[in-house]
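Listed below, chain by chain, are the residues.
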Amino acid sequence: MNTVTRPRILVVGAGFAGVECVRRLERRLSPGEAEITLVTPFSYQLYLPLLPQVASGVLTPQSIALSLRRSSKYRTRIIPGGAIGVDLKAKVCVVRTITDQIVNEPYDYIVLAPGSITRTFDIPGLTDHAFGMKTLAEAAYIRDHVIAQLDLADASQDPVERASRLQFVVVGGGYAGTETAACLQRLTHAAVKRYNRLDPGLIKWHLIDIAPKLMPELGEKLGRDAQEVLTRRGIEISLGVSIEKAGPEEVTFTNGRVVPTRTLIWTAGVVASPLIATLGAQTVKGRLAVTAEMCLPDHDGVFALGDSAAVPDLAKGQEGAVCPPTAQHAMRQGRHVAENIIATLRNQPMRPYVHKDLGLVVDLGGADAVSKPLGVELKGLPAQAVARGYHWSALRTGVAKARVATNWALNALAGDDFVRTGFQARKPAKLRDFEYTDAYLTPEQVRERVGEAGGARP
């Protein structure tokens, strides 16, 4: 009796791209057409653009962690771990589970959507003393840490210690850094009213970036409007400046200025996941070079998208243009890759990915925002309505939408109680502790491991 083996589709990463791909595959393929497996450390999709609002306490962590098991069509097998290498020839992905067990996962089709990690530089003390803003755990930890600085400053009798605990430095003038500085400044501004022994004038926020402009993607006018909002709130903005070295109690800027601080938040961009380097394939500025159909050239059944892939941006009509690493592209690329896989399974032609950018939104907290939907420049309440409306509509489940809307309303009406959870209170929780960048294998190690295990299963 002949048995027909279902094609094995392996999706790496549960970000916007990976989850949208899985959801489309589940809806469009019958159970008998393919076996779908997802590799991710957590069984939820994180809505990254709202992380600063988790850090500032406007939203609860659960409200932006969208469960992968809520779908009525859920049938995907989830491997709780991270991909640390791929052997394209043997068609095997090497996975390290959350218990540190290493397993080989064979596939017929693989969708590489591992996302990105925080971009760091060889700056003395950076990974030892800076916080990141890339994961839910980091956002929750930063909130605890910032409130703890107020608690400790209020209890301290030492003016030098108090001054260092009440200064905060954010590096990165892009969306993540600007929104993080804006939201956390509002947190400390509101919280200090509960500390009778603290002088509000001692609380200082610094936002620095090596670029000459704040959020240049927004254009001259909106970038300037955002800068004026932050400056009006008392955030000191330094452009053309970065970090020379970081210590436990002070940070030295590249212009020689030394700022006493216990809080350095690093949001100076992202780079493709280290998984891409294990493939030995061609890259474009660290991102995997793919076709307009998001296929890896010369490798059947390999697709790549999202932050880790240099997907040609055909909508721009410029040779060499690639899609920016934004959520709106990642979501649409995920659905498009799913359709191309389905087309391949059904012997139909694949289609190239084309999407015209819909614009940008930046939520600065409260009634402040700057937005550029479809090229229309907005600021203030209209921009805030567009920003929150876009984020709310982009949330994948009705439960998440209800939670976020309720959190926004409750925070606006009742404010914050500034409670610390004690999350990892006595353990290190800096950049090096969250992204596990040393976990990946070299291409040689991948081939050696897959070879020892006998390659893919039949």
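What counts, and at which threshold
- Residues numbered from 1 in each chain as written.
- Predicted model: local features only at pLDDT ≥ 70, side-chain atom pairs only at ≥ 80, totals over all residues.
- Heavy atoms only, no water.
- UniProt positions renumbered as here; feature names shortened; annotations may be inferred.
- Helix = DSSP H or I, 4+ residues; strand = E, 2+ residues; numbered from the N terminus.
- Contact = heavy atoms within 4.5 Å.
- Axes fitted to C-alpha atoms, helices over the stretch in contact; angles between N-to-C directions.
- Left-handed = near helix turned anticlockwise from the far one by under 90°.
- Nonpolar A, V, L, I, M, F, W, Y, C, P; charged D, E, K, R; others polar.
- Core = buried A, V, L, I, M, F, W, Y, C linked by side-chain atoms within 4.5 Å.
- Buried < 20%, exposed > 50% of the residue type's maximum accessible area, 1.4 Å probe, protein only.
- Pairing = 2+ DSSP bridges.
- Right-handed = clockwise from strand over helix to strand, strands pointing away.
- Salt bridge = Lys/Arg side-chain N within 4 Å of Asp/Glu carboxyl O.
- Domains from an automatic or database assignment.
- Buried area = accessible area lost by both parts, 1.4 Å probe.
- Polar contact = N/O pair within 3.5 Å; in protein donor to acceptor, adjacent residues only side chain to side chain.
- Expected span 1.5 Å × (residues − 1).
- Arc of directions from axis to C-beta.

An unreviewed UniProt entry lists the chain under the name NADH dehydrogenase, from Streptomyces mutabilis. Annotation of the chain in UniProt includes, under Sequence similarities (unreviewed entry), the sentence "Belongs to the NADH dehydrogenase family."

Student: Please set out the side chain of Arg23 residue by residue, giving values where relevant.
Tutor: Tracing the backbone shows Arg23 in helix α1 (residues 16-28). Once you skip the residues sitting within four places of it in the chain, Arg23 turns out to touch Ser67, Leu68, Arg69, Ser71 and Arg396.

Student: I'd like a rundown of the packing of α1 against helix α8 (residues 327-345), residues and numbers included.
Tutor: Running from amino to carboxyl end, α1 crosses α8 at an angle of 35°, the nearest separation of the two axes being 7 Å. Crossing angle aside, the handedness with which α1 passes α8 is right-handed. Contact residues: Phe16, Ala17, Glu20, Cys21, Arg24, Leu25 and Arg28 in α1; Ala327, Ala330, Met331, Gly334, Arg335, Val337, Ala338, Glu339, Ile341 and Ile342 in α8. Across the contact of α1 with α8, the residue classes break down as eleven nonpolar, one polar and five charged.

Student: Please give an account of the nonpolar core that cites residues and values.
Tutor: Grouped together as the largest cluster of nonpolar side chains are 111 residues, with contacts concentrated most on Leu25, Ile64, Val86, Ile110 and Leu112. It is helix α4 (residues 136-155) that contributes the most residues to this core, eight residues altogether. The contacts of Leu25, once residues within four sequence positions are left out, are Ile9, Ile36, Arg75, Ala338, Ile341 and Ile342. Formed by 16 residues, the second largest nonpolar core is a distinct cluster that contains Leu126, Val169, Leu264 and Ala268.

Student: Account for the pairing of strand β13 (residues 235-239), naming residues and giving values.
Tutor: As judged from the five bridges shared by strand β12 (residues 204-209) and β13, these two strands associate in the parallel manner. Paired with Ile208 across the bridge in β13 is Ser238. The handedness of the β12 to β13 crossover, carried by helix α7 (residues 220-232), is right-handed.

Student: Tell me about the pattern of salt bridges, residues and numbers included.
Tutor: Any two side chains of opposite charge can pair if their charged atoms end up close together. Going through the model one piece at a time under the given rule, you end up with 21 salt bridges. We note a salt bridge from Glu20 to Arg335, for which the minimum N-O separation is 3.0 Å. Of the two residues, Glu20 sits in helix α1 while Arg335 sits in helix α8, which places them 315 residues apart along the sequence. Judged by relative accessible area, Arg335 falls into the partly exposed class, the value being 22%. Because the salt bridges share partners, they merge into one network encompassing Arg24, Arg28 and Glu339.

Student: Go over the environment of Val92, please, and point to the residues and values.
Tutor: By the secondary structure assignment, Val92 is in strand β6 (residues 92-97). The spacing of Val92 and Thr231 is 139 residues in sequence and 52 Å in space, taken between C-alpha atoms.

Student: Any details on the sheet that holds strand β23 (residues 359-363)? Residues and values, ideally.
Tutor: Spatially, three strands are ordered β23-β24-β25 in an open sheet, and the strand pairing comes out antiparallel. Lying at the two open borders of the sheet, with one neighbouring strand each, are β23 and β25 (378-379).

Student: Talk me through unusual backbone geometry; I want residue IDs and the actual numbers.
Tutor: Despite not being glycine, Met294 has its phi angle at roughly 65°, a positive value. One can find Met294 in the loop between β20 (287-289) and β21 (302-304). The exposure class of Met294 is buried, given its relative accessible area of 0%. Its identity is not glycine, yet Asp298 carries a phi of approximately 70°, on the positive side. Along the chain, the position of Asp298 falls in the loop between β20 and β21.

Student: Tell me about the domain arrangement of the chain, and please be specific about residues and values.
Tutor: What the domain assignment reports for the chain is domain 1 (8-118 + 271-357), domain 2 (120-268 + 419-441) and domain 3 (361-414). Centre-to-centre, using C-alpha coordinates, domain 2 lies 23 Å away from domain 3. On the side of domain 3, 13 residues touch domain 2, which itself brings 16 residues to the contact. Buried surface at the junction of domain 2 and domain 3, summed over both partners, amounts to about 1,200 Å²; 62% is from carbon and sulfur atoms. Our count for the contact surface shared by domain 2 and domain 3 stands at three salt bridges. There are four residue pairs in polar contact (both at pLDDT 80 or more) connecting domain 2 and domain 3.

Student: An account of the UniProt feature "domain: FAD/NAD(P)-binding" (unreviewed entry) in the chain is needed here, citing residue identities and associated values.
Tutor: Taken from the UniProt record, the annotation "domain: FAD/NAD(P)-binding" (unreviewed entry) applies to residues 8-334. A helix fraction of 27% and a strand fraction of 28% characterise residues 8-334, whose end C-alpha atoms lie 17 Å from each other.

Student: How would you sum up helix α10 (residues 398-414)? Please name residues and give values.
Tutor: With 17 residues, α10 should reach 24 Å at 1.5 Å per residue; the first-to-last C-alpha distance of 24 Å fits that figure. Along α10, the residues classified as buried are Ala400, Val404, Asn407 and Trp408. When α10 is viewed along its axis, its buried side chains cluster within an angular range of 95° and face the same direction. Summarising the geometry of α10, the exposed residues directed more than 90 degrees from the buried face are Gly398, Leu410, Leu413 and Ala414.

Student: Break down α1 for me, citing the residues and quoting the values.
Tutor: An α-helix turns once per 3.6 residues; consequently, residues spaced three or four apart project the same way. Taking 1.5 Å as the rise per residue, α1 with 13 residues should run 18 Å; its terminal C-alpha atoms sit 18 Å apart, in good agreement. With eleven of its 13 residues buried, α1 lies for the most part within the structure. Within α1 the residues assigned to the buried category are Phe16, Ala17, Gly18, Val19, Glu20, Cys21, Val22, Arg23, Arg24, Leu25 and Glu26. The elements touched by buried residues of α1 are β1 (8-12), β2 (35-40), β3 (44-46), β4 (65-67), β8 (109-112) and α8.

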